[in-house]
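Okay, here's what each chain looks like letter by letter:
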Amino acid sequence: MAAMALVTAARLLPLTEEATVDDAKTVDLQAIVRDSNVTEVLDQLDRELVGLAPVKRRIREIAAYLAVTRARKTLGLEATPPSLHMCFTGNPGTGKTTVALRMAEILHRLGYVRKGHVVSVTRDDLVGQYIGHTAPKTKEVLKRAMGGVLFIDEAYYLYRPENERDYGQESIEILLQVMENNRDDLVVILAGYHDRMNTFFSSNPGMSSRIAHHVDFPDYSQPELLSIAGKMVSAMNYRFDADAQQAMGYYIDRRLTQPNFANARSVRNALDRARLRQANRLFAGVGAGRPNVTADDLSTLSASDILASRVFDAPDSADKT
Amino acid sequence: MMTNTNQRLTQGQFSFLPDLTDTQITAQLDYALKNGWAIGVEYTDDPHPRNTYWEMFGNPMFDLKDAAGALMEINSARKTFPNQYIRVTAFDATRGVESPTMSYIVNRPAKEPGFGLVRQEVDGRAIRYTIHSYATDKPESERY
Amino acid sequence: MSNDAMTSDDKQITDGKKRYASGVLKYKQMGYWQPDYVPKDTDLIALFRITPQEGVPADECAAAVAGESSTATWTVVWTDRLTACELYRAKAYRVDPVPNTGPGTKTEQQFFAYIAYDLDLFEPGSIANMTASIIGNVFGFKAVKALRLEDMRIPVAYLKTFQGPATGIVVERERLDKFGRPLLGATTKPKLGLSGRNYGRVVYEGLKGGLDFMKDDENINSQPFMHWRDRFLYCMEAVNKAAAATGEIKGHYLNVTAGTMEEMYARAEFAKSLGSVIIMIDLVIGYTAIQSMAVWARKNDMILHLHRAGNSTYSRQKNHGMNFRVICKWMRMAGVDHIHAGTVVGKLEGDPLMIKGFYDTLRETHSPQCLETGLFFEQNWASLNKVMPVASGGIHAGQMHQLLTYLGDDVVLQFGGGTIGHPQGIQAGATANRVALEAMVMARNEGRDIWNEGPQILRDAGKWCTPLKQALDVWGDVTFNYESTDTADYAPTATATA
């Protein structure tokens, strides 16, 4: 690639000759960033995810680190591949999966993984039911993830200290081995709740020591969730009327305080139910002598579609997430 | 010891070339994956030319995106059976093929004893031929 | 071109009394020209290249060919009226002038005539019957100066009445346990004069050196210098000894061609009893004999190799006879597993695109119309097995990159002279070919541009493989650059679009 042409150092120098690398030699870092189009991915992340400022900052930091590491490698300053395994912590619906997809793309564009696909799994995909079942299952998943990113959601379920014969431990050991030996071949991202992840790491120091980057995903604020709702509604080709917009705000206020809140996921579920109620409202209208509906009617969610939610019934009877 | 050109079993696509390096194997695996073929790893201690069913080192691998997964399996097979024949087979599921499309050896025993030809003289000048794998004179898993 | 060269005013006579009055009518008047006819899926369609006699319009000429290859005779017969003659009449439905023929060119005016035949005109599963209709009489017909059968669309309904290749490419590879590369063969040389014992020596050396197959030549049958039984016995000793020496399945195409079916069966049985995986026949034994041998081969787990001996007597000239692609179609139906189909780069006739057309005809499950490669019709092969093409004649290791590019993996590359003529002996010659092949396949799979890098890839392999280096030194520069006599006739704005 073009960046290589600008590299003036002998890039094939082995690390043992590091001392002989001329400090004055230069590498065009900007070209590495430009040619990999990595900023495009970062911008996309900015656009498609509302809020999450600290996450976006972390991802930019990691991207910068990856680009610099590549530049260092070009100049012979870096020999062993960096450990790139990550941990994304945060509550459900805070964008971990989406960010993992973008992360895979960044890793791919900067040349850290060859294919850039994401294989997303949970404990059930890795751990078997009987003796001899787990290793092939875990290996099968690892083989499919090679060249890309293995995203393990709720990774702490792999470890069940209450059952000493749990096969999860076997899976963890295989994972660890591959995370160590196949750094060039895949990046593992563990994901889950912050506190449970910490517990998991404290009982699995081997895993903890192999995770180079921790990214914490904060919950969304009320205005962010409302903005997310707006984006989702227009992506579905619907819109809020003025009252509905306000009702959605109330809804989020209430829902935030109730159990099982899952951030963007709860917003999406609420909207799905609002669409059901809207359909029901239009349908009832036909019976009530309003047989013709306009395109506008078909795509407008009104306040009543939202305010009918059970969230408003009682302070503690939650709309299901 | 075998006395043919390379003094070795010449089954497979690349037996006349020097042993494949992991980099070369990776390139061949990539070729198979690019064509959408599944990859199987098989091993045997009886390389008779009509021993069709070598043991499978796990099921063929479907849905791989990258060669590293298959290479990991190959290396794991080599570690488990360092002194047996190991071959990589690619399978094409396309209608009209539905059969292997690649096959090459990636591991061999240190010594390849080869085969003898047993001739049974029958009517006239005719002979019934049997190819005998010297390795099979010993019981399974004690050969090589 | 003037209009009258193309069409005449004679209309089909529909009044029964006039139509069947005794006497001679034009073929068009008799109803063999039906420009509005839309062929049915079950129709067999033939495409002829017609060179009309002076003064005979193209459509009358096409109608005449349709008539003579179906129900017509030279005069009107009332007995037609006892039959559903409309159905049995072949229908010429289209004529197109052949591009680059006629006034202003070196070639006299020719036409492509499309003729549709109803399925009921043919006996199920009989190449002999089909060909007796389509090419039975009409090629000597006076109304045409010359006539060539260019292509046929065989309906699925008719294909389903044929066995097809006894073994097919897929099962052949499974039986031989050879995948992912072309197979290698060589014809035993000299063709004539070797005793059985000497002959088997050549076979053993070639196979042990690395070839998959050795082969009898087309005219090796049972001559004074070598009785067939001796050949079979010594060849099978060679085959089995080479198989034991290499651990690979090996074969020798034992040519069972003989004067009678009985004798061919006897030879085939003997080959089977000796454990041969393959036998061979020549095209000159005739279509029915070929079909019979294909049935025998399937029943006896035998691969059936066909040498196209004699085909050039009628397939080479462009204006008369039949195109080889038609032979390819018939042989796939008749049931052979191998057929010699050209090398592109060797000593025998073959334009690259035409040969691609032959290879596609033999190897695809479905081939779309492709005028560039001479395939005038879409052809669905109705799950008939695929035939392995054989490239034989004047090819050598130095052309490996070209052969692999042109011919692909499913082909037998036959290096006769290129094996036996090697300065270090037959085994070395075989090894050179096998190393060249494997190195080239590996390079291609690695994504290298073998068309351009091929010579370098071979030289690099020659650095560690002396036999290959020697082969390249001897033959590296040998080429056969003659102009092809048979190339596609199509204008970029194609006239043939049926």
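Above this text you will find the structure in question.
It should be emphasised that the depicted structure is a prediction, and the values quoted were computed from it without experimental measurement.

Regarding the overall build of chain B
Then step 1. When helices and strands are counted, chain B shows 2 helices and 6 strands.
Then step 2. In chain B, the order of α-helices and β-strands from amino to carboxyl end is α-β-β-α-β-β-β-β.
Then step 3. In terms of its C-alpha atoms, chain B occupies a principal-axis envelope of roughly 55 × 35 × 30 Å.
Then step 4. Counting the 144 residues in chain B, one finds 57% classified as buried.
Then step 5. Once local pairs closer than 6 in sequence are excluded, the contacts in chain B between residues at least 24 apart make up 54%.
Then step 6. A total of about 7100 Å² of accessible surface is found on chain B, and carbon and sulfur atoms cover 49% of it.

Details of the overall build of chain C
Then step 1. Broken down by element type, chain C carries 20 helices and 15 strands.
Then step 2. A globule of 498 residues ought to have a C-alpha radius of gyration of about 23 Å, and chain C, at 25 Å, matches this closely.
Then step 3. In terms of overall dimensions, chain C has C-alpha extents of about 80 × 50 × 40 Å along its principal axes.
Then step 4. In chain C, which comprises 498 residues, the proportion classed as buried is 61%.
Then step 5. Considering only contacts in chain C between residues 6 or more positions apart, those separated by 24 or more positions represent 76%.
Then step 6. Accessible surface computed for chain C: about 18400 Å², of which carbon and sulfur atoms make up 51%.
Then step 7. Separation between the mean location of the 52 positive side-chain charges and that of the 55 negative ones in chain C comes to 3 Å.

Structural notes on the pattern of salt bridges
Once the charged atoms of two side chains with opposite charge are near each other, the side chains can pair.
Residues and elements named next belong to chain C.
Then step 1. Considering all chains together, one arrives at 58 salt bridges over all chains under this definition.
Then step 2. Salt-bridge contacts for lysine 40 lead to aspartate 43; the nearest nitrogen and oxygen are separated by 3.8 Å.
Then step 3. Residue classification places lysine 40 among the partly exposed residues on the basis of a relative accessible area of 34%.
Then step 4. For glutamate 453, the salt bridge identified is with arginine 448, shortest N-O distance 2.8 Å.
Then step 5. Residue classification places glutamate 453 among the partly exposed positions, given a relative accessible area of 28%.
Then step 6. For arginine 448, a relative accessible area of 33% corresponds to the partly exposed category.

A few points about the interface of chain B and chain C
Then step 1. Each partner contributes residues to the interface: chain B has 43 residues there, and chain C has 38 residues.
Then step 2. The largest contributions to the chain B side of the interface with chain C come from Gln13, Phe16 and Tyr129 of chain B, which together make up 19% of the buried area.
Then step 3. The tally of links between chain B and chain C comes to 1 salt bridge.
Then step 4. Two residues, arginine 119 of chain B and glutamate 237 of chain C, come together in a salt bridge whose shortest N-O distance is 2.5 Å.

Overview of the nonpolar core
Then step 1. Judged by nonpolar contacts, the single largest core of 181 residues is most densely connected at Phe48, Met130, Trp330, Met331, Met333 and Leu413 of chain C.
Then step 2. Broken down by element, this core gets its largest block of residues, 11 residues, from helix α18 (residues 426-445) of chain C.

Describing the pairing of strand β2 (residues 118-121) of chain A
All names here are of chain A.
Then step 1. Residue alternation in β2 divides its side chains into a buried set, Val119 and Val121, and an unburied set, Val118 and Ser120.
Then step 2. Of the strand pairs in this sheet, β2 and strand β3 (residues 149-153) are connected by 4 bridges, and their pairing is parallel. Residue pairing in the sheet places valine 119 in a bridge with leucine 150 of β3.

Here's the deal with the interface of chain A and chain B
Interfaces are often sized by the amount of accessible area the parts lose when they come together.
Then step 1. Listed by partner, the interface residues are 13 residues for chain A and 12 residues for chain B.
Then step 2. Interface of chain A and chain B: buried area, both sides summed, is about 970 Å²; carbon and sulfur atoms make up 59% of it.
Then step 3. Here chain A and chain B share 3 salt bridges between them.
Then step 4. At the surface where chain A touches chain B, the tally comes to 3 residue pairs in polar contact (both at pLDDT 80 or more).

Considering the packing of helix α2 (residues 29-36) of chain A against helix α4 (residues 53-74) of chain A
Residues and elements named next belong to chain A.
Then step 1. Where α2 contacts α4, the axes come no closer than 10 Å and their chain directions differ by 120°. Between α2 and α4, the interaxial angle falls into the category oblique. Classified by chirality, the crossing of α4 by α2 is right-handed. Along its contact with α2, which presents Leu29, Ile32 and Val33, the element α4 presents Ala67, Val68, Arg70 and Ala71.
Then step 2. When grouped by side-chain class, the residues that make up the contact of α2 with α4 number 6 nonpolar, no polar and 1 charged.

Concerning the environment of aspartate 66 of chain B
Then step 1. Counting through the fold element by element, aspartate 66 of chain B comes out in the loop between β2 (55-56) and α2 (67-80).
Then step 2. Taking relative accessible area as the criterion, aspartate 66 of chain B reaches 1% and is therefore assigned buried.
Then step 3. Placed 32 residues apart in sequence, aspartate 66 of chain B and lysine 34 of chain B show a C-alpha to C-alpha distance of 9.3 Å.
Then step 4. The contact partners of aspartate 66 of chain B, leaving out residues within four places of it in the chain, are Arg114, Lys115, Met146 and Gly147 of chain A together with Leu33 of chain B.
Then step 5. For aspartate 66 of chain B, the side chain forms a polar contact with the side chain of arginine 114 of chain A, separated by 2.3 Å.

Focus on the sheet that holds strand β15 (residues 412-414) of chain C
Residues and elements named next belong to chain C.
Then step 1. If you walk around this closed barrel you meet the 8 strands as β5-β6-β7-β8-β9-β11-β14-β15, and the pairing is parallel. Averaged over neighbouring strand pairs, the angle between their axes works out to 25° when direction is ignored.
Then step 2. Relative to strand β11 (residues 338-340), strand β9 (residues 303-307) is paired through 2 bridges, and the arrangement is parallel. Bridging from a neighbouring strand, leucine 306 pairs with isoleucine 339 of β11.

Describing the sheet that holds β2 of chain B
Residue and element names in this part refer to chain B.
Then step 1. What the 4 strands build is an open sheet, ordered β2-β1-β3-β4; its pairing is antiparallel. The open sheet terminates on both sides in strands that have one partner only, identified here as β2 and β4 (99-107).
Then step 2. Pairing of strand β1 (residues 38-44) with β2, which is carried by 2 bridges, proceeds in the antiparallel orientation. Directly across from glutamate 42, in β2, lies its bridge partner methionine 56.
Then step 3. Lying on the sheet, α2 is in contact with β1, β3 (85-92) and β4; it crosses β1 at an angle near 5°.

What to know about the arrangement of the chains
Then step 1. A comparison of contact numbers over the 2 pairs of chains in contact places chains B and C at the top.
Then step 2. Taking C-alpha atoms only, the smallest gap left between chain A and chain C, which are not in contact, amounts to 16 Å.

Structural notes on the packing of aromatic side chains
Then step 1. Using the criterion set out here, one finds 28 aromatic pairs over all chains in the structure.
Then step 2. Ring geometry for tyrosine 156 of chain A versus tyrosine 157 of chain A: centroids 5.4 Å apart, planes at 70°, classification edge-to-face.
Then step 3. A residue is classified by how much of its surface remains accessible, and tyrosine 157 of chain A, at 33% relative accessible area, is partly exposed.
Then step 4. Linked through ring pairs, Tyr37, Tyr93, Tyr114 and Phe377 of chain C together constitute an aromatic cluster.
Then step 5. Positioned over the ring face of tyrosine 37 of chain C is lysine 91 of chain C, at 5.4 Å from the centre of the ring.
Then step 6. Sitting over the face of the ring of phenylalanine 270 of chain C, arginine 229 of chain C holds its NZ or CZ atom 4.0 Å from the ring centroid.

Details of helix α8 (residues 168-181) of chain A
Then step 1. Here α8 of chain A spans 20 Å end to end across 14 residues, near enough to the 20 Å set by a 1.5 Å rise per residue.
Then step 2. What α8 of chain A keeps buried is the set Gly168, Ser171, Ile172, Ile174, Leu175, Leu176, Val178 and Met179 of chain A.

A look at the environment of threonine 257 of chain A
Residue and element names in this part refer to chain A.
Then step 1. Of note, threonine 257 is situated in the loop between α12 (242-256) and α13 (263-287).
Then step 2. With relative accessibility at 67%, the residue threonine 257 sits in the exposed group.
Then step 3. Within the structure, threonine 257 has its side chain in polar contact with the backbone oxygen of arginine 254 (distance 2.6 Å).

Remarks on helix α7 (residues 134-145) of chain A
Then step 1. If you check α7 of chain A, its first and last C-alpha atoms are 17 Å apart, about what 12 residues at 1.5 Å a residue would give, namely 16 Å.
Then step 2. Of all the residues in α7 of chain A, the buried ones are Thr134, Ala135, Thr138, Val141, Leu142, Lys143 and Ala145 of chain A.
Then step 3. Packing partners of the buried residues in α7 of chain A comprise β2, α6 (123-126), β3 and α8 of chain A together with α2 of chain B.
Then step 4. At the exit of α7 of chain A stands glycine 147 of chain A, carrying a positive phi of roughly 90°.

Examining the packing of α7 of chain A against α2 of chain B
Then step 1. Packing of α7 of chain A against α2 of chain B leaves a shortest axis separation of 7 Å and a crossing angle of 135°. With respect to α2 of chain B, the axis of α7 of chain A lies oblique. Contact residues: Lys139, Leu142 and Lys143 of chain A in α7 of chain A; Gly69, Met72, Glu73 and Ser76 of chain B in α2 of chain B.
Then step 2. Within the contact of α7 of chain A with α2 of chain B, the residues separate by chemical class into 2 nonpolar, 2 polar and 3 charged.

Cut-offs and rules
Residues numbered from 1 in each chain as written. Chains lettered and ligands numbered in written order. Predicted model: local features only at pLDDT ≥ 70, side-chain atom pairs only at ≥ 80, totals over all residues. Heavy atoms only, no water. Helix = DSSP H or I, 4+ residues; strand = E, 2+ residues; numbered from the N terminus. Buried < 20%, exposed > 50% of the residue type's maximum accessible area, 1.4 Å probe, protein only. Contact = heavy atoms within 4.5 Å. Areas by Shrake-Rupley, 256 points an atom, 1.4 Å probe, with all protein chains shown as cover. Rg over C-alpha atoms; globule rule 2.2 N^0.38 Å. Lys, Arg positive; Asp, Glu negative; His and termini not counted. Charge placed at Lys NZ, Arg CZ, Asp CG, Glu CD. Salt bridge = Lys/Arg side-chain N within 4 Å of Asp/Glu carboxyl O. Buried area = accessible area lost by both parts, 1.4 Å probe. Core = buried A, V, L, I, M, F, W, Y, C linked by side-chain atoms within 4.5 Å. Pairing = 2+ DSSP bridges. Polar contact = N/O pair within 3.5 Å; in protein donor to acceptor, adjacent residues only side chain to side chain. Axes fitted to C-alpha atoms, helices over the stretch in contact; angles between N-to-C directions. Parallel < 35°, antiparallel > 145°, perpendicular 65-115°, else oblique. Left-handed = near helix turned anticlockwise from the far one by under 90°. Nonpolar A, V, L, I, M, F, W, Y, C, P; charged D, E, K, R; others polar. Phe/Tyr/Trp six-rings, centres within 6.5 Å; stacked < 30°, edge-to-face > 60°. Lys NZ or Arg CZ within 6 Å of the ring centre and 35° of its normal. Expected span 1.5 Å × (residues − 1).

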